[in-house]
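# Analysis of the macromolecular model
One letter stands for each residue in the lines below.
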Amino acid sequence: MVKTAILYLAAAIIGAMLLRKLQLRLRLSAAKHRSLTGHSRMARRFAALVPFYEYDEHGFFRADAAPDAIAAQRRAGFMALAALYQQRFAKTALQTAEVYDAISDLQFTSRYRVPFQFSRFVREHFKAGNFLDSSSGVTVTDLDGNRLYDLTGSYGVNVFGYDFYKECIARGSERVRELGPVLGAYHPVAAYNVKRLLQVSGLEEVSFHMSGTEAVMQAVRLARYHTARKYLVRFCGAYHGWWGDVQPGVGNPLAARETYTLEDMSEAALRVLRTRRDIACVLVNPLQALHPNIGAPGDSTLLDSARNAHFDRAGYTAWLQKLRAVCTQRKIVLVFDEVFVGFRLAPGGAQEYFGVRADMVTYGKTVAGGLPVGVLCGRREFMMRFRGERPADVCFARGTFNAHPYVMGSMYEFLQRLETEPVRALYRDLDVRWNGRAAALNERLRAAGLPVQVANLSSIWTIVYTRPSRYNWMFQYYLRAAGLALSWVGTGRLIFSLNYTDEDFAEVERRIVSAAQAMHGDGWWWSAPLLTNKSIKRRVLKEMIQARCSSSSIGSMSSPRIK
Ligand SMILES: Cc1ncc(COP(=O)(O)O)c(C=O)c1O
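Anyway, here's the lowdown on the structure attached to this text.

## A short note on the packing of helix α11 (residues 267-275) against helix α12 (residues 313-330)
- In contact at an axis separation of 9 Å, α11 and α12 are set at 15° when each is read in the N-to-C sense. Our classification of the angle between α11 and α12 gives roughly parallel. Note on packing geometry: the crossing formed by α11 with α12 is right-handed. Where α11 abuts α12, its residues E267, A269, L270, L273, R274 and T275 lie against W319, K322, L323, V326, Q329 and R330.
- For the contact of α11 with α12, the per-class residue count stands at six nonpolar, two polar and four charged.

Structure representation (structure tokens):
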């Protein structure tokens, strides 16, 4: 009798435990964003199935089933643009060609500027090159002497203008010259940097690293060490560097096993944080406020016009406040990854801008005055790398070049200048200025009947397209021809430095509008009632299925080929 009761009790306990586990699992599934980006494993599996195929010259201009007259118009426009590139960027392209086969990064970025079906034909005709000679004000100059307005922002490093960084590097180098590249010990400038970083972050300790990726790695390692929990939470679409655990989807050959990717700005995600006991930290990249749950918008994935972005400051602030509350309640380390937005939104970074405090904050990109760096600031209880009571239980982190004197020197100059009046003035009415510029440009584009708009988070912009089209990625080439330099992600990310004056911006605005007019005039934005984002996706999917099923010619597509 007693034995049976014990068995029943044991079964009931095991049953309850299994039920609880199932409930947690279901809760986790419910907190994933419904897109492929939200399902890392599925995304990797899907990516492995995508076959290579490309359009031949005939199909290239008719990928949306446009009539022959439109295709001819596009062809003429394309060839005229190609001729202009050939003449205008000749030297720069030649230099690029000389090293192309030897630089893996160059091959990758040039291949993935546009959707792969169009890539080879575009590469053959638009050789703008990847070399620059100089920078000045808000412009860069290539090897052919072309001055281009810089909209790349050097991946976000350039907040205050290239001349500012040249000064930081030159003066900073002067400061540390006597010590030179001695590593391990600190140059005295590091002491000032630490003091200022603590002021900026409102936190208690600092560690220096060589890149943003490493600063994030260290934040996660420390969070795991101090909480004795395994999992990191990142939000769907957010970039935190290229380290495996924070890049669980496409691009990483291994699945990240100790990462939960949850839906951004979602109650279901908060429920997971409230109920699981295995979460060490939550990583927030505030840049996602511009496009929650969507990855960095590059033109290589611009299949149609579904790109979407909108910044809701109040909504995102409320979200961060909720995250803060749940992390405090559950003793989860809240990490703001400000490698991108730090110092761009406010002198005190995203913490100041949104009025929410994190337990750890990473900085990078701009903070070393133009030299490579990663910084982690955190509360003391999370930054300690050892335990007094268990001396062998340490959390290791080193790096040969951490706190390199030249980096520290340049950072010193950056942090000092941050306090000066001319730099403070750049932050005054920052959003009013940049939102106003975006609104004015949008109005002009609308008035001209062009299917292009911009969305912005302060000085970080993305171009969105308002009419279904398969050719939006062509816009980057018209922009370049109009003298605007974009990074390899094309129109997905325009980054302005804060030293853009109204006159500079007016010129950029004029060029964007005229580039859009030229592209419009060449027929790329032809539209028809049956051409919708959905029909475009369906058509591409059909092409992929056909390409997988057959290696022979499909309609106007050329045979799949392996390059
Ligand atoms: C938010 C964020 N975190 C981390 C990184 C990685 O920084 P790094 O490229 O210096 O390794 C980046 C880079 O773009 C970033 O935007």
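## A closer look at the pattern of salt bridges
- Counting across every chain of the model gives 31 salt bridges.
- The partner of E174 in a salt bridge is R177, with the nearest N and O atoms 2.3 Å apart.
- On the basis of relative accessible area, E174 is assigned to the partly exposed category, the value being 48%.
- Here E443 ties to R446 by a salt bridge, and the two come within 3.3 Å at their closest N and O atoms. Placement of both E443 and R446 in helix α17 (residues 430-447) is noted, with a separation of three residues, approximately one turn of the helix.

## A closer look at helix α19 (residues 502-521)
- The end-to-end C-alpha distance of α19, which contains 20 residues, comes to 28 Å, matching closely the 28 Å that a straight helix rising 1.5 Å per residue would cover.
- Within α19, burial applies to D504, F505, V508, E509, R511, I512, V513, A515, A516 and M519.
- On its buried side, α19 packs onto β4 (147-150), α17, β12 (452-457), β13 (460-465), α18 (475-481) and β14 (484-485).
- Taken from the residues just after α19, G523 is the one with a positive phi, measuring 85°.

## Overview of helix α5 (residues 90-100)
- Regarding α5, the residues found buried are T92, A93 and T96. The arc enclosing the buried residues of α5, seen along the axis, measures out at 95°, which places them on a common side. Exposed side of α5, more than 90 degrees from the buried face: K91, L94, A97 and E98 are the residues found there.
- Looking at the buried positions of α5, the neighbouring elements they touch are α6 (104-111) and β3 (139-142).

## Description of the pairing of strand β10 (residues 360-364)
- Most of β10 is tucked away: five of the five residues are buried.
- Judged by which residues are buried, β10 turns out to be covered on both faces: M360, T362 and G364 on one side and V361 and Y363 on the other are all buried.
- Sheet topology note: the strand β9 (residues 333-337)/β10 ladder contains three bridges and is parallel. Bridge pairing in β10 places D337 opposite T362.
- For the crossover that starts at β9, traverses helix α13 (residues 349-354) and ends in the parallel β10, the hand is right-handed.
- Pairing of β10 with strand β11 (residues 374-378) involves five bridges; the strand directions are antiparallel. Pairing of V361 across the sheet is with C377, part of β11.

## What about the site of the ligand?
- Around the ligand, the neighbouring residues are S211, G212, T213, Y239, H240, G241, N285, D337, V339, F340 and K365.
- Contact between the ligand and T213: an oxygen atom at 2.6 Å from a side-chain N or O atom of the residue.
- Relative to its free-state accessible area of 390 Å², the ligand is covered by the protein chains to the extent of 83%.
- Here the residues of the shell around the ligand sort into three nonpolar, six polar and two charged.

How each quantity is defined
- Residues numbered from 1 in each chain as written.
- Predicted model: local features only at pLDDT ≥ 70, side-chain atom pairs only at ≥ 80, totals over all residues.
- Heavy atoms only, no water.
- Axes fitted to C-alpha atoms, helices over the stretch in contact; angles between N-to-C directions.
- Helix = DSSP H or I, 4+ residues; strand = E, 2+ residues; numbered from the N terminus.
- Parallel < 35°, antiparallel > 145°, perpendicular 65-115°, else oblique.
- Left-handed = near helix turned anticlockwise from the far one by under 90°.
- Contact = heavy atoms within 4.5 Å.
- Nonpolar A, V, L, I, M, F, W, Y, C, P; charged D, E, K, R; others polar.
- Salt bridge = Lys/Arg side-chain N within 4 Å of Asp/Glu carboxyl O.
- Buried < 20%, exposed > 50% of the residue type's maximum accessible area, 1.4 Å probe, protein only.
- Expected span 1.5 Å × (residues − 1).
- Arc of directions from axis to C-beta.
- Pairing = 2+ DSSP bridges.
- Right-handed = clockwise from strand over helix to strand, strands pointing away.
- Near = heavy atom within 4 Å.
- Polar contact = N/O pair within 3.5 Å; in protein donor to acceptor, adjacent residues only side chain to side chain.
- Areas by Shrake-Rupley, 256 points an atom, 1.4 Å probe, with all protein chains shown as cover.

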